[in-house]
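Working through the structure, step by step
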Amino acid sequence: MRRTALRRSPIPGFGLSMGVTLAMLSIIVLLPIGALLLRGASYGPANVWSVATEPRVLAALLLSFRLSLYAALFNLVFGVLLAWVLVRYRFPGRRLIDAAVDLPFALPTAVAGIALTALYAPKGAFGALAVEYFGTRIAYTQIGIFIALVFVGLPFVVRTVQPVIEEVDRQWEEVSATLGASRFYTIRRVVLPVLLPAALTGFALSLARAVGEYGSVIFIAGNLPMKTEIAPLLIVIRLEQFDYDGAAAIGIAMLLIAFAMLFLINIIQIWSRRRSGHV
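Here we summarise the structure given alongside this text. The structure presented is a predicted model; accordingly, all values stated were derived computationally and were not measured.

Scanning the chain for helices and strands turns up 13 helices and zero strands. N-terminal to C-terminal, the α/β element order of the chain is α-α-α-α-α-α-α-α-α-α-α-α-α. Contacts in the chain between residues at least 24 apart in sequence constitute 73% of all its contacts with a sequence separation of at least 6. On the chain, roughly 17,200 Å² of surface is accessible, and the fraction owed to carbon and sulfur atoms is 69%. Treating the 24 positive side-chain charges of the chain as one cloud and the 14 negative ones as another, the clouds have centres 9 Å apart.

Below you can see the structure in the form of structure tokens.
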């Protein structure tokens with residue numbers, strides 16, 4: 001008889017590992033979300049809908065998700081380019097730039113918001129130039145919110161795509177060039193299919209971070225109702241007014257919209273992996 005060799009794993013058995021995983025997932029993720037949904041259910045779906053469709057709330061939700069989507073798309077393009085440059089090229093200051101990418105991770109969001117406001121305020125270093133040469137203000141406008149969301153979301157794309165670029169074999173590109181393919185064709189048919197799943201993951205992470213961002217935005221936004229007021233700020237305002245049901249209603253609206261957007265991104269990601277042969 002042939003004995004099947006048992007493959008030992010440093011992690012304990014499936015049952016114990018799954019139990020610990022589900023317990024931590026429940027405590028950290030499922031229970032808070034469940035509590036939010038339970039609060040909304042006790043408040044009543046009609047009341048939740050009434051709060052979520054108030055003009056001020058709708059304007060804040062639209063602003064938050066629209067600018068978060070724009071910032072994530074910007075980070076998707078320029079984050080992939082930055083990761084490519086950091087991996088494929090050697091130049092003075094490369095390590096410094098590579099380390100600077102992680103600054104939004106380590107920097108407190110309030111500090112980031114104050115720093116961005118100081119730079120882009122009408123009398124700030126960049127804000128004064130924008131007013132003088134372009135006649136437009138950056139701080140206390142939607143442009144300032146966009147810049148803050150780009151700042152906090154860029155590392156997610158770079159750090160997600162960077163390891164994949166390091167694993168891409170340059171011989172694929174050389175073979176493509178040897179066969180007479182143009183650079184654009186090589187990028188479109190050889191490089192992008194490999195990077196797309198990781199890039200979409202970074203895009204989803206950047207989008208999720210931007211949607212819930214609060215600290216770095218409130219300083220540079222100006223917080224003008226119907227103009228530069230974000231949805232997380234409305235939640236904080238409702239909590240300060242002891243309107244917990246209203247805050248929960250806005251939170252549920254953000255949760256459902258974010259879930260729908262991330263679900264769509266995951267569908268696109270699965271499709272891209274199957275098309276590129278990774279699944």
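In this model, Asn223 sits at a positive phi of 55°, which is unusual for a non-glycine residue. Within the chain, Phe242 stands out as a residue other than glycine whose phi angle is a positive 60°. By relative accessible area, which is 62% here, Phe242 ends up exposed.

Turning our attention to the side chain of Glu213. Here Glu213 is to be found in the loop between helix H10 (183-211) and helix H11 (215-221). Of the residues examined, Glu213 reaches a relative accessible area of 5% and is grouped as buried. There is a polar contact of 2.9 Å between the side chain of Glu213 and the side chain of Arg209. Polar side-chain contacts of Glu213 include one of 2.7 Å to the side chain of Ser216. Not counting residues up to four positions away in its chain, the partners in contact with Glu213 are Thr109, Leu149, Val152, Ile230 and Pro232.

How two helices sit against one another is set out by the angle between their axes and by the gap between those axes. One way to put it is that helix H6 (residues 109-120) packs onto helix H7 (residues 125-134) with a least axis distance of 3 Å and a crossing angle of 35°. Residue-level contacts link Ala118, Leu119 and Tyr120 of H6 to Ala125, Phe126 and Gly127 of H7. Residue composition of the contact of H6 with H7, grouped by class: five nonpolar, one polar and no charged.

A few words on the environment of Val157. Within the element layout of this structure, Val157 appears in helix H8 (residues 142-167). Assessed through its relative accessible area of 0%, Val157 is described here as buried. On a C-alpha basis, the gap between Val157 and Arg274 in space is 21 Å, while along the polypeptide they are 117 residues apart. Ignoring sequence-local partners within four residues, the contact set of Val157 consists of Asn75, Leu76, Gly79, Val80, Gly202, Phe203 and Ser206.

Another aspect to go through is the side chain of Ser216. Along the polypeptide, Ser216 turns up in helix H11. If we ignore the near neighbours within four places in the chain, the residues touching Ser216 are Thr109, Ala112, Gly113, Ala148 and Val152.

Going through the model one piece at a time under the given rule, you end up with six aromatic pairs. With 5.6 Å between their ring centres and 50° between their planes, Tyr120 and Phe126 make a pair best called tilted. Assessed through its relative accessible area of 16%, Tyr120 is described here as buried. Since its relative accessible area comes to 44%, Phe126 is described here as partly exposed. Through pairs of rings, three or more aromatic residues link up here, namely Phe74, Phe78 and Phe146. A cation over an aromatic ring shows up here: Arg88 above the ring of Trp84, its NZ or CZ 4.3 Å from the ring centre.

So, about the pattern of salt bridges. Counted under the stated rule, the structure contains seven salt bridges. One salt bridge in this structure joins Arg56 and Glu229, with 2.6 Å as the shortest N-O distance. One end of the pair, Arg56, is in helix H3 (residues 55-88); the other, Glu229, is in the loop between H11 and helix H12 (231-240), with 173 residues separating them in the sequence. Through salt bridges with shared partners, a single network forms among Glu54, Arg238 and Asp243.

Cut-offs used in this document
Residues numbered from 1 in each chain as written. Predicted model: local features only at pLDDT ≥ 70, side-chain atom pairs only at ≥ 80, totals over all residues. Heavy atoms only, no water. Helix = DSSP H or I, 4+ residues; strand = E, 2+ residues; numbered from the N terminus. Contact = heavy atoms within 4.5 Å. Areas by Shrake-Rupley, 256 points an atom, 1.4 Å probe, with all protein chains shown as cover. Lys, Arg positive; Asp, Glu negative; His and termini not counted. Charge placed at Lys NZ, Arg CZ, Asp CG, Glu CD. Buried < 20%, exposed > 50% of the residue type's maximum accessible area, 1.4 Å probe, protein only. Polar contact = N/O pair within 3.5 Å; in protein donor to acceptor, adjacent residues only side chain to side chain. Axes fitted to C-alpha atoms, helices over the stretch in contact; angles between N-to-C directions. Nonpolar A, V, L, I, M, F, W, Y, C, P; charged D, E, K, R; others polar. Phe/Tyr/Trp six-rings, centres within 6.5 Å; stacked < 30°, edge-to-face > 60°. Lys NZ or Arg CZ within 6 Å of the ring centre and 35° of its normal. Salt bridge = Lys/Arg side-chain N within 4 Å of Asp/Glu carboxyl O.

The values reported here are purely geometric and, on their own, carry no functional implication.
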